[in-house]
Amino acid sequence: MSRINYIYSKICSHEDALMKIEAWKLMGQKVVFTNGCFDILHKGHVTYLAKAADLGDRLVIALNTDASVKQQGKGDERPINKEDARLQVIASLGFVDMVILFEEQTPYDIIKFLKPDVLVKGADYDPNEGDTTSKKYIVGSDIVRNNGGEVKVIDIVEGFSTTKIVNQLKN
């Protein structure tokens, strides 16, 4: 398989993702899940994703569609990179095993569908927050815990953000 085809093989539909995840679990592998826009990939993203991958055997990334990014109110110019480009860039990371898109404002439905073993977010979230209206609440944490899984947070690399990069480019 060519390297580019290998990258594309990591990009899955929801149905294909479920089949692969079920196969991995049958082999005793722990599936880690995280999500985000990953608009302009930077050191903070790569560090976060690499640490997430260390929490299990397989890393699944749910990527916001362009429409989903727009719903988040990050600005009219966002996303900078369209979803097909973001999919390919994230899938090219060696420690990423699968990338899927989700259209909703939150990844709740895809977490419920895939049932990962570990749910990961940045440390600006609180794995113990139970108030679903809190900005620190981790969407889908109830599902993962109810299925016997874990919810973890990873420290954020200070000084790196897509918003900061966009602002620097404007100046």
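This text follows the structure it describes.
So, how was this worked out
- Every chain is numbered on its own, with residues counted from 1 as its sequence reads.
- In view of the model being predicted, local features appear only for residues whose pLDDT reaches at least 70, and side-chain atom pairs are presented and counted only at 80 or more, with totals across whole chains, interfaces and linings using the full set of residues.
- Just so you know, side-chain values use all the structure's heavy atoms and leave hydrogens and water out.
- Only protein chains enter the accessibility calculation, which uses a 1.4 Å probe; a residue is then buried when its area is under 20% of its type maximum, exposed when over 50%, and partly exposed in between.
- Only runs of H or I of at least four residues qualify as helices and only runs of E of at least two qualify as strands under DSSP, and these elements are numbered from the N terminus.
- When DSSP finds at least two bridges between two strands, those strands are taken to pair.
- Should a side-chain nitrogen of Lys or Arg be within 4 Å of a carboxyl oxygen of Asp or Glu, the pair is scored as a salt bridge.

Quick notes on the pairing of strand β3 (residues 98–102)
- Taken across its five residues, β3 has four buried, putting it largely inside the fold.
- Sheet topology places strand β2 (residues 58–64) next to β3; five bridges connect them, and they run parallel. Counted as the bridge partner of Asn 64 is Phe 102 from β3.

Brief notes about the pattern of salt bridges
- Here the structure, examined in full by the defined rule, presents five salt bridges.
- Ionic pairing is found between Glu 150 and Lys 30, a salt bridge with its closest N-O pair at 3.3 Å. Highlighted residues: Glu 150 in strand β5 (residues 150–154) and Lys 30 in the loop between α2 (14–26) and β1 (31–36), separated in sequence by 120 residues.
- Residue class for Glu 150 comes out partly exposed when judged on its relative accessible area of 31%.
- Among the charged side chains, a network of salt bridges with common partners joins Lys 30, Glu 150 and Lys 152.

Concerning the environment of Gly 148
- Considering the arrangement of structural elements, one finds Gly 148 in the loop between α7 (141–146) and β5.
- Given a relative accessible area of 68%, Gly 148 falls into the exposed group.
- Gly 148 sits 26 residues away from Gly 122 along the chain, and the two C-alpha atoms are 21 Å apart.

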